[in-house]
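Overview (structure and organization)
Listed here are the chains, written in short residue letters.
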Amino acid sequence: MGRSVKKGPFVDSKLLKKVLKQKGTGGKDPIRTWARSCTIIPEFISHTFLVHNGKSFNKLFVMEDMVGHKLGEFAPTRIFRGHGGGRKKEATKPGS
Amino acid sequence: MPRIAGVDIPAEKGIEIALTYIYGIGRKLSRDALKALGIKENIRAKNISEDELSALGAYIEKNFTVEGQLRRQESQNMSRMKNIGCYRGLRHRMGLPVRGQRTRTNARTRKGKRRTVSVKKSVKEMKG
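Scope of this entry: the structure provided in the associated data block. (Residues numbered from 1 in each chain as written. Chains lettered and ligands numbered in written order. Predicted model: local features only at pLDDT ≥ 70, side-chain atom pairs only at ≥ 80, totals over all residues. Heavy atoms only, no water.)

**Re the side chain of His69 of chain A**
What counts, and what does not: Secondary structure elements follow DSSP: runs of H or I no shorter than four residues count as helices, runs of E no shorter than two count as strands, and numbering proceeds from the N terminus. Using a 1.4 Å probe on the protein chains alone, a residue whose accessible area is under 20% of its type maximum counts as buried, one over 50% counts as exposed, and one in between counts as partly exposed. Polar contact is defined as a pair of N or O atoms within 3.5 Å, subject to the rule that within protein one atom must be able to donate a hydrogen and the other to accept it, and that residues adjacent in sequence are counted only when both atoms are side-chain atoms. Whether two residues are in contact is decided by their heavy atoms: any pair within 4.5 Å suffices.
Mapped onto the elements of the fold, His69 of chain A is located in the segment after strand S3 (57–61). Overall, His69 of chain A belongs to the buried group, its relative accessible area being 7%. Side-chain polar atoms of His69 of chain A contact the side chain of Arg80 of chain B, separated by 2.8 Å. Apart from the residues lying within four places of it in its own chain, the contact partners of His69 of chain A are Cys38, Thr39, Ile40 and Phe74 of chain A together with Arg80, Met81, Ile84 and Cys86 of chain B.

Structure below.
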């Protein structure tokens with residue numbers, strides 16, 4: 001929704017270059033990136049990324065279903081530890 | 001009572017409104033269908049002819065996703081997002097608004113009935 005079709009999906013050019021390079025050499029090292037707004041394109045499948053969440057890097061192995069989403073969608077920027085101080089609550093958010 | 005698209009039985013209402021009783025059809029799609037088939041919108045659902053009724057059914061089947069199929073599609077999309085662990089999937093899982101709405105107040109549709117979290121002091125503290 002929103003972005004004009006004419007432009008196509010936004011893909012971080014530096015990141016794409018890195019991925020393609022890795023494809024050539026067959027390397028499997030996770031790619032560290034801050035480009036959360038980069039759309040996941042089919043070329044990214046079965047590559048591993050370390051996506052910045054503002055503080056640390058979340059490991060993300062790209063699967064086919066993830067195509068079309070942005071990298072940042074898989075690295076949550078907020079942690080919710082629950083309300084109230086009294087009793088301990090079960091963690092509402094599964095850490096991924 | 002006329003019957004369109006499987007189980008739906010819209011009744012005494014104008015046909016444009018009656019069609020919106022089908023899951024997945026709102027005023028827009030209802031009007032589109034009627035326009036495409038050249039049926040007047042101000043006619044009552046009960047007064048619609050057999051031919052028009054079957055034509056409507058066929059048109060809706062062909063052009064729109066409705067009812068069970070639409071529900072299935074929706075839940076499939078949801079479970080896909082849950083499985084890949086994207087932000088929207090996480091929000092669905094937690095039962096919070098998915099599209100960036102505020103949650104400080106409101107968001108009651110997603111969060112359900114208010115659960116008041118009172119800050120209770122332990123019995124010892126209150127005595128002491």
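**What to know about a positive patch on the surface**
Residue and element names in this part refer to chain A. The condition is simple: In this analysis, a patch consists of residues with relative accessible area above 30% that form no salt bridge, clustered at 9 Å for like charges and at 5 Å for the nonpolar side chains Val, Leu, Ile, Met, Phe, Trp and Tyr. Working definition of accessibility: Shrake-Rupley area with a 1.4 Å probe, residue cover restricted to the visible protein chains. Think of a salt bridge as a Lys or Arg side-chain nitrogen and an Asp or Glu carboxyl oxygen that are within 4 Å of each other. For the purpose of charge, His is not counted, nor are the chain termini; Lys and Arg are scored as positive and Asp and Glu as negative. A charged residue contributes its charge at one atom only: NZ of Lys, CZ of Arg, CG of Asp or CD of Glu.
Judged by side-chain charge, Arg3, Lys6, Lys7 and Lys70 come together as a positively charged surface patch. In this structure, Lys70 sits in the segment after S3. On the accessibility criterion, Lys70 (31% relative accessible area) is partly exposed.

**Looking at the interface of chain A and chain B**
How we decide: As a working definition, buried area equals the accessible area (1.4 Å probe) given up by two parts on being put together, with both sides summed. Throughout this entry, Asp, Glu, Lys and Arg are counted as charged residues, while Ala, Val, Leu, Ile, Met, Phe, Trp, Tyr, Cys and Pro are counted as nonpolar. The remaining residues, Gly among them, count as polar.
Contacts between the two partners involve eleven residues from chain A and, on the opposite side, ten residues from chain B. In total, chain A and chain B occlude about 1,000 Å² of area from one another, counting both sides; carbon and sulfur atoms represent 70% of this. The tally of links from chain A across to chain B stands at zero salt bridges. The tally of links from chain A across to chain B stands at two residue pairs in polar contact (both at pLDDT 80 or more). Considering only residue class, the side of chain A that touches chain B consists of five nonpolar, two polar and four charged.

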